[in-house]
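Topology and contacts: notes
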Amino acid sequence: MENIDSRIRDLVLQLHNYGALKFGEFKMKVGVNSPVYFDLRVMVSYPQLMDNLSQLTPNFVRSKNVDFNRLCGVPYTALPIATLMCVKSDIPMLMRRKEAKNYGTKKMIEGRFDKGDKCLIVEDVCTSGSSILETYEDLVKEGLEGNDCVIVVDRQQGGHNNLLKKGIRVHALTTLSKALEILFEAGRIDSNVVEKVNEYTRANTIELANGVIIKSKSTNQVPDRIITPFSVRSQHSKCVLAGQLFKMIEEKKSNLCLAADVTSSVELLSLAQTLGPYIVIFKIHADIVKDFSQEIAGKLRSIAQSQQFLIMEDRKFADIGETVRQQYCSYSPWADLVTVHPLPGDGVLKALKTAFTESTSEPRAVFIVAQLSCQNNLITTDYTKDSVKMAESYSDIVAGFVCQSSDVIQSVGQLQLTPGVNISTDNDSLGQQYSSPDVVMGQKGADIAVVGRGIIKAKNIVETAKNYQTILWEAYQNRINHSR
Ligand SMILES: O=c1ccn([C@@H]2O[C@H](COP(=O)(O)O)[C@@H](O)[C@H]2O)c(=O)[nH]1
């Protein structure tokens, strides 16, 4: 897969080199002016590119375990791609006519096939999915199955969902957001272009109803944060530690925060040492560790440094400013991150900002508890909204929010930390409510998921932590690629 990934990366760079993928202001058939334009028709003039594509595509489709014995390109741009795939991979091709002949067989699908043959549809760019759907319908009329299609670029404007509703699985070599990420990392485009394109696709999602194009309104509500890659988001962080966290998540491919809720320092240090490679935040409640001391905090910091994670003291400060300032300075200065309830008002943020400067020269930050995961908690929608508003003047120390839904945080530069995560979604007997990693990353919009007992009570904590890391990362990747 790594080889396929790096070949897809090369393909995106080639498409950009040859002007098949352009950024600027373009008049579109559907929707308003677009800041991005795909013209994959130019590919036919670049033999090397065609050669790459026709080798890469069958390998990519095989890696997705797609079962097919015929190929059919959507006319016209995908025809030469399908033709080369047919020759290179020795899979028979079929040809779909744009209009039926008014003499002879009147067939829409040319070539040899039997009823029930499985035909892979090949397309260059998918926007609404309507051309793929037309091809699918013609294949089905002839008794073929056409439930899989491979596309070079998914513009993520609703085509994927429109096709899925008709039972067609879409396998995209790259999505627009993945292409943006590759080009951004290669220094070809800047973060403004990434944001402009994301904004455009978000606002111009297309829904098909009985083959007719209608605009979707609901997708306008998806915040930018949800679909913007971490590499771009880190550039928008006003808080140093938030920026570091974004980079760490990408480097470690981990969205996992371990809630190390144990009662002895031996267990605490052992968890940090053993699970350090799979996490980005090690979250503790120092007050439940019976023998916790500043010396243990020092040991924890050196493990954190060598294993590259941040330490969070989940203290949930909630007093008047002066008390919080003293609490932090005398007990928590070793923690990179602390949690705070916004209940006392902005004095608590002012106090922590002062305490950070008084106690250390290293970067420190807070996560504000804007929502809770437990049943019957008293937090209201207005409380959550007001917490976010209150934090605006403290964006240099607010790394993000502890919350449960994707609409709380608007700023791309801040992170959503979501607790209440467990593969087994049975709630505990004291009010904790769990959701699965997929739901937390996909629907709830978490950037980092907090897992405690799901890991620390497992028989094999290393395998379990690795498993959570993989599932969360995949769910995050899916969100980035398909949430529009
Ligand atoms: O709303 C909240 C805020 C914080 N937490 C903390 O997260 C962990 C969850 O542990 P599990 O064992 O995975 O239930 C724990 O430290 C809580 O204090 C939360 O659960 N909900």
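Residues numbered from 1 in each chain as written. Predicted model: local features only at pLDDT ≥ 70, side-chain atom pairs only at ≥ 80, totals over all residues.

In the annotation of an unreviewed UniProt entry, the protein chain is listed under the name Uridine 5'-monophosphate synthase and assigned to Laodelphax striatellus.

**As for the environment of G143**
Applicable threshold: The secondary structure listing takes helices from DSSP runs of H or I that are at least 4 residues long and strands from runs of E that are at least 2 residues long, numbered from the N terminus. Backbone-placed C-beta atoms define the burial measure: a residue is buried with 20 or more other C-beta atoms within 10 Å of its own, exposed with 12 or fewer, and partly exposed in between. Working definition of a contact: two residues with C-beta atoms, positioned from the backbone, lying within 7 Å.
Looking at the secondary structure, you find G143 in the loop between helix 4 (130-141) and strand 7 (145-154). Of the residues examined, G143 has 12 C-beta atoms within 10 Å and is grouped as exposed. Apart from residues lying up to four places away in sequence, G143 is in contact with K115 and G116.

**Examining the UniProt feature "active site" (unreviewed entry) in the protein chain**
Basically, it comes down to this: UniProt positions are given in the numbering used here, feature names are shortened, and annotations may be inferred rather than shown by experiment.
In this numbering, the UniProt entry assigns the feature "active site" (unreviewed entry) to D314, K316 and D319. With respect to the helices and strands, D314 occurs in strand 13 (residues 310-317). D314 has contacts with K283, I284, H285 and T339, leaving out every residue within four places of it along the chain. On the secondary structure map, K316 appears in strand 13. With near-sequence residues (within four places) excluded, K316 lies in contact with T339, V340, H341 and V369.

**Regarding the sheet that holds strand 7**
The line we're drawing: Only when DSSP finds a minimum of two bridges between them are two strands counted as paired.
Taken in spatial order, the six strands make up an open sheet running 5-4-3-6-7-8, and their pairing is mixed. This sheet does not close on itself; its edge strands, each paired only once, are strand 5 (109-110) and strand 8 (169-175). Note that strand 4 (residues 93-96) and strand 5 share two bridges and pair antiparallel. By the bridge assignment, M95 is partnered in strand 5 with E110.

**Considerations on the UniProt feature "binding site: substrate" (unreviewed entry) in the protein chain**
Per the UniProt entry, the sites bearing "binding site: substrate" (unreviewed entry) are D261, K283, S373, Q432, G452 and R453 in this numbering. Assignment of secondary structure puts D261 in the loop between strand 11 (256-259) and helix 11 (265-275). According to the C-beta neighbour criterion, D261 is partly exposed, with 18 such atoms within 10 Å. Leave out the neighbours within four places in its chain, and D261 touches H285, I288 and G452. Here G452 lies in the loop between strand 18 (448-451) and helix 17 (453-456). Overall, the presence of 20 C-beta atoms within 10 Å leaves G452 in the buried class. Once residues lying within four places of it in the same chain are set aside, the contact partners of G452 are A259 and D261.

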